[in-house]
Amino acid sequence: MNRLYPEIAVAQLSKAGEELCGDKVEIARTEAATTVVISDGLGSGVKANILATLTTKITSSLLKRNVPITEVVPTITQTLPVCRERKIAYSTLQIIKLLPDSMATVVEFDSPTTFLFRGGQVVPFPTEARNIGGKAIREGRLLLGEGDIIVAVSDGVIHAGIGGLLKLGWDWPGISAELAAHCSPADDAEKIAEHILGCCNGYYLGQPGDDSTVVVIKLRRPRNLTLFTGPPANRDMDEQIVKRLMGGEGKKVVAGGTTANIVSRVLGLPVNVDLNYQDPEIPPIATIDNLDLVTEGVLTLTAAIGRLHDIRKLRASARRDGATLLARLLYEADRIDILAGTAVNPAHQNPNFPAQINIKAQVIANLRNALEDLGKRVTVEWV
Amino acid sequence: MSTLLVEICLGTSCHLMGSQDIIDAIESLPPDKRGKIDLRGVTCLKTCRKGPNARINGVVLSEMTPERTLAVIEDNLP
Ligand code: FES
């Protein structure tokens, strides 16, 4: 069976004048499940933020330890303080849990109805009212397929424009019409999240009256990437490592001139350095047939890590230097397998760069951290 | 028309030692000369300690500068 990958994007706005967003989103990916927990703290600012953070953190850690949802919900609802005057809980709770077989469970407690965007149509994610530990919640399960998209929004989005541009606010039907008319199932999750949040901000005339959050989860085929960087310790291993690189699923990338020469020799294919695009900082890229990208090594990797720290800029960038191209390919992948060679690299045997080997380990560690922070699954194998 | 093969190393070490300046110098030669040069980049000539390195007509030359490279090219142009 082809396992699908949940691509997740979160877009948020804070209430005008507030620095902290009172909505909180916690994403946890494990082998067993991917869970997204969303909480909207009553009010805004610090207090709302703390309540929402508490709610999402507790929920997420309980779910990670495989505590069933039927137990998690009462634990949370009983722990959460209730507003004395308004008799409502101090924060809402919404859970979206996806199993590896694409079975999705949605739980809503005082939160807006979840959207299901399937084949261009938008419908409420099917849920039923349930009573757990004296609390009315809604819960539903549905088997998702490739291209299915789940959208969850906080109250701030539902009420966008209320009393201003829109008498009753944007509201659920308005948002669902916007999704159906202006978003496509082919769009990536981030594009949809940014679009909806952009409209929301527009209805608020750029002055959000409430914290607003959009979470988009799209199921698609997983994208893998194998990165081979640095010559292997032992020359006899060259062939085997190149075979691993070429046999891997998905994109294939080589970072390092000496590494590129090894791949070229093993495959019997030439390396062509591209002199057409010149960049003052990043050495030029090269091409080898059947590889998706060939770049220089340590300088390009270091710059690519920098680019991964600013995804918005990366997405908008028109630069075509090796670091930007590499960062983009890495960003687009869900799973990255790094084959890192440990040989003393001849290109680093320059008296001007001492201790290069430690630097290499450091660069790979930084790369791994940057990718994991973006929710990627990364493996590093020293060869 | 026969051309002169000029390969400039663009590996990490040579890049740091200024191989891009050599490329720039060759690129800005007048068209009649530039047209006779088959300029290519290579990734490492395994003499990193003595970069930037170039290979002109198959001969590896170390510790190159733009001026030296242009002089060698001048001597070898077909
Ligand atoms: S990097 Fe130029 S010879 Fe190695």
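Located above this text is the structure these notes cover.
These numbers were taken from a predicted model, which means no experiment stands behind them.

S.K.: Before we go on, may I ask you to explain the overall build of chain A in this structure?
M.R.: Scanning chain A from terminus to terminus reveals 11 helices and 18 strands. Along the three orthogonal principal directions, the C-alpha set of chain A runs to about 70 × 40 × 40 Å. Counting all 383 residues of chain A, 52% fall into the buried class. The contacts of chain A with a sequence gap of at least 6 include a subset with a gap of at least 24, amounting to 67%. Summed over all atoms, the accessible surface of chain A reaches about 17,400 Å², with 51% contributed by carbon and sulfur. Chain A carries 41 positive and 43 negative side-chain charges, and their two centres are separated by 2 Å.

S.K.: How do you make sense of the side chain of glutamate 7 of chain A when you look at a structure like this?
M.R.: Residue and element names in this part refer to chain A. Here glutamate 7 lies in strand 1 (residues 5-13). Of the residues examined, glutamate 7 reaches a relative accessible area of 11% and is grouped as buried. Separated by 2.7 Å, the side chain of glutamate 7 and the backbone nitrogen of alanine 189 make a polar contact. Not counting chain neighbours up to four residues away, the residues in contact with glutamate 7 comprise Arg29, Asp188, Ala189, Glu190, Val216, Ile217, Lys218, Arg220 and Arg223.

S.K.: How should the environment of valine 72 of chain B be read in this particular structure?
M.R.: All names here are of chain B. Relative to the helices and strands, valine 72 is located in helix 4 (residues 66-76). It is 8.1 Å that separates the C-alpha atoms of valine 72 and isoleucine 56, two residues lying 16 residues apart in sequence. With residues near it in sequence (within four places) discarded, valine 72 still touches Ile56, Leu61 and Met64.

S.K.: Hey, could you run me through the pairing of strand 12 (residues 224-229) of chain A in this one?
M.R.: Look at any regular strand and the pattern is simple: side chains alternate between the two faces of the sheet. Residue and element names in this part refer to chain A. Counting buried residues in strand 12 gives six out of six residues, a clear majority hidden from the surface. Because side chains alternate across strand 12, one face comprises the buried residues Asn224, Thr226 and Phe228, and the other comprises Leu225, Leu227 and Thr229, equally buried. Looking at chain direction, strand 12 and strand 17 (residues 335-340) are connected through six bridges and run parallel. If you follow leucine 225 over to strand 17, its bridge partner there is isoleucine 336. Relative to strand 13 (residues 251-255), strand 12 runs parallel, the two being bridged by five bridges. Looking at strand 13, one finds that threonine 229 is bridged to alanine 255.

S.K.: Would you explain the interface of chain B and chain A in this entry?
M.R.: In many analyses, interface size is given as the accessible surface area lost on bringing the parts together. In this complex, chain B contributes 18 residues to the contact, which on the side of chain A involves 24 residues. Taking both sides of the interface into account, the surface hidden between chain B and chain A amounts to around 1,700 Å²; carbon and sulfur atoms contribute 60%. If you sort the residues of chain B by the area they bury against chain A, Thr12, Thr43 and Arg49 of chain B come out on top, with a joint share of 32%. Linking chain B with chain A are zero salt bridges. Run the count over chain B and chain A and you get five residue pairs in polar contact (both at pLDDT 80 or more). Secondary structure elements with two or more residues in the side of chain B that touches chain A: helix 1 (12-16), helix 2 (19-27) and strand 2 (37-42) of chain B. Taken together, the residues of the side of chain B that touches chain A sort by class into eight nonpolar, six polar and four charged.

S.K.: Can you help me understand the pattern of salt bridges in this one?
M.R.: Oppositely charged side chains are able to pair whenever their charged atoms sit close together. Residues and elements named next belong to chain A. Counted by the stated rule, this structure contains 23 salt bridges over all chains. Where glutamate 31 meets arginine 377, a salt bridge forms, and the shortest distance between an N and an O atom there is 3.0 Å. Placement of the pair is glutamate 31 in the loop between strand 2 (23-29) and strand 3 (34-40) and arginine 377 in strand 18 (residues 377-382), with a sequence separation of 346 residues. Residues aspartate 187 and lysine 191 are paired through a salt bridge, measuring 3.6 Å at the closest nitrogen-oxygen approach. Note on aspartate 187: relative accessible area 13%, which makes it buried. Residue lysine 191 is classed as partly exposed on the basis of its relative accessible area of 48%. Put simply, Asp279, Arg307, Arg319 and Asp321 are held in one network by salt bridges that share partners.

S.K.: Whenever I open this one, the sheet that holds strand 1 (residues 4-9) of chain B confuses me. Can you help?
M.R.: Within a sheet, each strand pairs with its neighbour through backbone hydrogen bonds, oriented either parallel or antiparallel. Residue and element names in this part refer to chain B. Spatial strand order, 2-1-3-4: four strands in an open sheet with mixed pairing. Because the sheet does not close on itself, it has two edges, and the strands there are strand 2 and strand 4 (59-61). Sheet twist, expressed as the mean angle between neighbouring strand axes with direction ignored, is 25°. For strand 3 (residues 54-56) and strand 4, the ladder comprises three bridges, and the chain directions are antiparallel. By the bridge assignment for strand 4, arginine 55 is matched with valine 60. Packed on one face of the sheet, helix 2 meets strand 1 and strand 2 and runs near 150° to strand 1. Running over the sheet, helix 4 touches strand 1, strand 2, strand 3 and strand 4 and is turned about 160° from strand 1.

About the thresholds
Residues numbered from 1 in each chain as written. Chains lettered and ligands numbered in written order. Predicted model: local features only at pLDDT ≥ 70, side-chain atom pairs only at ≥ 80, totals over all residues. Heavy atoms only, no water. Helix = DSSP H or I, 4+ residues; strand = E, 2+ residues; numbered from the N terminus. Buried < 20%, exposed > 50% of the residue type's maximum accessible area, 1.4 Å probe, protein only. Contact = heavy atoms within 4.5 Å. Areas by Shrake-Rupley, 256 points an atom, 1.4 Å probe, with all protein chains shown as cover. Lys, Arg positive; Asp, Glu negative; His and termini not counted. Charge placed at Lys NZ, Arg CZ, Asp CG, Glu CD. Polar contact = N/O pair within 3.5 Å; in protein donor to acceptor, adjacent residues only side chain to side chain. Pairing = 2+ DSSP bridges. Buried area = accessible area lost by both parts, 1.4 Å probe. Salt bridge = Lys/Arg side-chain N within 4 Å of Asp/Glu carboxyl O. Nonpolar A, V, L, I, M, F, W, Y, C, P; charged D, E, K, R; others polar. Axes fitted to C-alpha atoms, helices over the stretch in contact; angles between N-to-C directions.

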